[in-house]
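Here is how the chains run, residue by residue.
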Amino acid sequence: MKRSSLVSSLVAGCLAATLVACKQTPETQAAPAHSEASGMAQSLSVEDLNRNTLHRRGVEAAIWGMPAVNFDRMFQAMTAAHGSWNQILYWSRLSTWKNQLLTPNPDALYALPFFNTKDVGPVVLEIPPAEGGSIVGSIMDCWQVALEDVGPAGVDKGKGGKYLILPPGYKEKPPAGYIVLPSGNYEGYALLRANLKSNSDADIAAAAAYMKRVRLYPLSAAAHPSDTIFVPADDVLIDATTPYNQTFFDSLNRVVQYEPWLERDRAMIDQLKSIGIQQGKPFTPDAATSSQLKASIDEGHAWLINQYETAYPKYYPGQHWFSPGTEEMVKSYMSGFAIPNIYPVDFRGVTYYWGFSSVRHLGAGQFYLLNAFDRAGQPMDGGSNYVLHVPAKVPVSNYWSLTAYNFDTHALIRDVPRASRSSLVQGLQTNSDGTTDIYFGPSAPQGKDSNWIPTKPGERFEALFRFYGPDKPVFDKSWTLPDIEKTP
């Protein structure tokens, strides 16, 4: 029976049963010996019920908590690099594979200021004016909801500014001269990217020097702030990949213990309590609970993979590129998840399964297309060869880039000499008609090393095409990015 017919039959049956029940009087109604529901209930032991509840709630906790766990993993990587709160994790060179954030851009210089207002009060993040360089990025809370965008595409419009991040419940009047950002959380971070003119050593050094003009300090020290501490990340393994095991719930517990409950999430208080995560209580699951939570995170992981592969609408009809956002997600990001009748927790979980950060104004400074399949609809294998024919005149005011990631981790492919190609690359070969061919595979085609992105045999990979400063043809689709093709 078709799904629609089955649903119609069930509805009709329920209506008929309701009408019959309404016509009966207490005297004529007969009590059934056992309903199917009561029979099922009697067949389940207390242990079955508890185990099933724990499993269900573990799955939902994983999906709901993904952005917070993603954030905590980044901060744990920061501490492994000997950094701490109210300091800036910083790359002075283009990233190698040791940058194991989720889908980072290896063609940009990154700085990640991690702030915490719980003990020091309001924190100031100073963004320099776009003179001799420029920065794009966003300031986010620990749920990775953008409080505001910065730089030319942000609220300061390239003039620079002092962003004042307030702790939850802050009542004092902020001083004049600041861009005030109230937050419902103590912890958070900013993702800042320094725009490059090219990937020459001189331009990279200039962008790195410009990035170090960013400052981070407590408002209480604004009169005489101490030097901002920059934590070098160039030669350090920054492993922020998501662990699908007990460690996942340990990260979630850290955030729950430290942060106040947001009104939108109060329904999760009892849900988490039932799996052992409760504010003010230690999270110490016994062996049986740990085993069940491992099964929960395994199922949640499988669900996230399926959603990532199938749920996003394709950007171009008949092709496989997709924009990693939905209408509800865009509305939620732009409103700070304040729209009362939508809360896309599922798609939020999928988003932070493969990436990190958010923007307040999607498309203003950047636009992304993701793809995990070749033109024939097959997963892309790191042991095979592929090509992407990038059409001429990519509609960007800044630059475009193309990056390959390990599909399982959504991080840069480990132990390869590079992970991307971009329009900034010196020596990138362009065809006579203005098109550019980018090659993927374990080795470069003869004479095409400058246009080659290495992949590894035995590993599935995915590709992300970034438009920085996207122009109208990206959005009206008068310029189209074709699918990646497998080659002999």
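Reading the values: rules and limits
Residues numbered from 1 in each chain as written. Predicted model: local features only at pLDDT ≥ 70, side-chain atom pairs only at ≥ 80, totals over all residues. Heavy atoms only, no water. Pairing = 2+ DSSP bridges. Helix = DSSP H or I, 4+ residues; strand = E, 2+ residues; numbered from the N terminus. Axes fitted to C-alpha atoms, helices over the stretch in contact; angles between N-to-C directions. Salt bridge = Lys/Arg side-chain N within 4 Å of Asp/Glu carboxyl O. Buried < 20%, exposed > 50% of the residue type's maximum accessible area, 1.4 Å probe, protein only. Parallel < 35°, antiparallel > 145°, perpendicular 65-115°, else oblique. Contact = heavy atoms within 4.5 Å. Nonpolar A, V, L, I, M, F, W, Y, C, P; charged D, E, K, R; others polar. Core = buried A, V, L, I, M, F, W, Y, C linked by side-chain atoms within 4.5 Å. Phe/Tyr/Trp six-rings, centres within 6.5 Å; stacked < 30°, edge-to-face > 60°.

Asks: I'd love a proper account of the sheet that holds strand β10 (residues 215-218), names of residues and values included.
Replies: Taken together, the four strands give an open sheet; going across it, the order is β8-β7-β4-β10, and neighbouring strands pair in mixed fashion. Both edges of this open sheet fall to β8 (179-182) and β10, since each of them pairs with a single strand only. Neighbour-to-neighbour, the strand axes of this sheet turn through a mean angle of 20°, independent of strand direction. Across four bridges, the pairing between strand β4 (residues 123-127) and β10 is antiparallel. What sits directly across from leucine 125, in β10, is leucine 216.

Asks: Outline the pattern of salt bridges, supporting the account with residue identities and numerical values.
Replies: Counted according to the given criterion, the structure contains 11 salt bridges. Where arginine 254 meets aspartate 72, a salt bridge forms, and the shortest distance between an N and an O atom there is 2.8 Å. Of the two residues, arginine 254 sits in helix α5 (residues 246-258) while aspartate 72 sits in helix α3 (residues 46-80), which places them 182 residues apart along the sequence. In this structure arginine 254 comes out as partly exposed when scored by relative accessible area, which is 38%. Arginine 375 is paired through a salt bridge with glutamate 485; the nearest N and O atoms lie 3.4 Å apart. Here glutamate 485 lies in strand β21 (residues 485-487) and arginine 375 lies in the loop between β13 (366-371) and β14 (380-381), a separation of 110 residues in the sequence. Judged by its relative accessible area of 25%, glutamate 485 is partly exposed.

Asks: Which residues make up the packing of α3 against α5, and what values do they have?
Replies: In contact at an axis separation of 8 Å, α3 and α5 are set at 80° when each is read in the N-to-C sense. By the criterion of interaxial angle, the relationship of α3 to α5 is roughly perpendicular. Mapping the contact onto sequence places Gly58, Ala61, Ala62, Trp64, Gly65, Met66, Ala68, Val69, Asp72, Arg73 and Gln76 in α3 and Thr247, Phe248, Phe249, Ser251, Leu252, Arg254 and Val255 in α5. When the residues that make up the contact of α3 with α5 are grouped by side-chain class, the tally is 10 nonpolar, five polar and three charged.

Asks: Residue-level account of the nonpolar core, with values.
Replies: In terms of nonpolar packing, the biggest core is built from 65 residues, with Leu89, Leu112, Phe114, Tyr189, Phe249, Leu272 and Tyr308 touching the most fellow members. Counting only elements with at least two residues in this core, the list comes to α3, β3 (109-116), β9 (187-194), α5, α6 (268-273), α7 (287-310), α8 (327-335) and α9 (345-354). Leucine 89 has contacts with Met78, Ala81, Tyr110, Ala111, Leu112, Phe114, Val231, Ala233 and Ile238, leaving out every residue within four places of it along the chain. Residues Tyr90, Phe230, Tyr399 and Leu424 belong to the second largest nonpolar core, which totals 31 residues.

Asks: Outline the packing of aromatic side chains, supporting the account with residue identities and numerical values.
Replies: Tallied over the entire structure, the rule returns 32 aromatic pairs. Between phenylalanine 440 and phenylalanine 461 the ring centres are 5.5 Å apart and the planes differ by 25°, which places this aromatic pair in the stacked class. Of the two residues, phenylalanine 440 sits in strand β18 (residues 436-441) while phenylalanine 461 sits in strand β20 (residues 460-470), which places them 21 residues apart along the sequence. As far as burial versus exposure is concerned, phenylalanine 440 and phenylalanine 461 are alike and both buried. Chaining the aromatic ring pairs together yields one cluster made of Tyr315, Tyr316, Phe367, Trp400, Phe465, Phe467, Phe475 and Trp479.

Asks: An account of the environment of alanine 463 is needed here, citing residue identities and associated values.
Replies: Relative to the elements of secondary structure, alanine 463 occurs in strand β20. Judged by its relative accessible area of 0%, alanine 463 falls in the buried class. For alanine 463 and serine 397, which are 66 residues apart along the polypeptide, the C-alpha to C-alpha distance reads 22 Å. When sequence neighbours within four positions are dropped, the list of residues in contact with alanine 463 reads Trp321, Leu369, Leu370, Asn371, Met380, Leu402, Thr403, Phe440 and Ile484.

Asks: Pulling in residues and values, what's your account of the sheet that holds β9?
Replies: Overall, mixed pairing links the six strands, which are arranged β6-β5-β9-β3-β1-β11 in an open sheet. For this open sheet the edge positions go to β6 (146-150) and β11 (230-232), each flanked by a neighbour on one side alone. Neighbour to neighbour, the strand axes of the sheet diverge by 20° on average, direction disregarded. Taken together, the six bridges between β3 and β9 define a ladder with antiparallel strand orientation. Directly across from phenylalanine 115, in β9, lies its bridge partner glycine 188. Where helix α4 (residues 201-211) meets the sheet, its contacts fall on β1 (87-90), β3, β5 (135-141), β9 and β11, and the angle it forms with β3 comes to roughly 15°.

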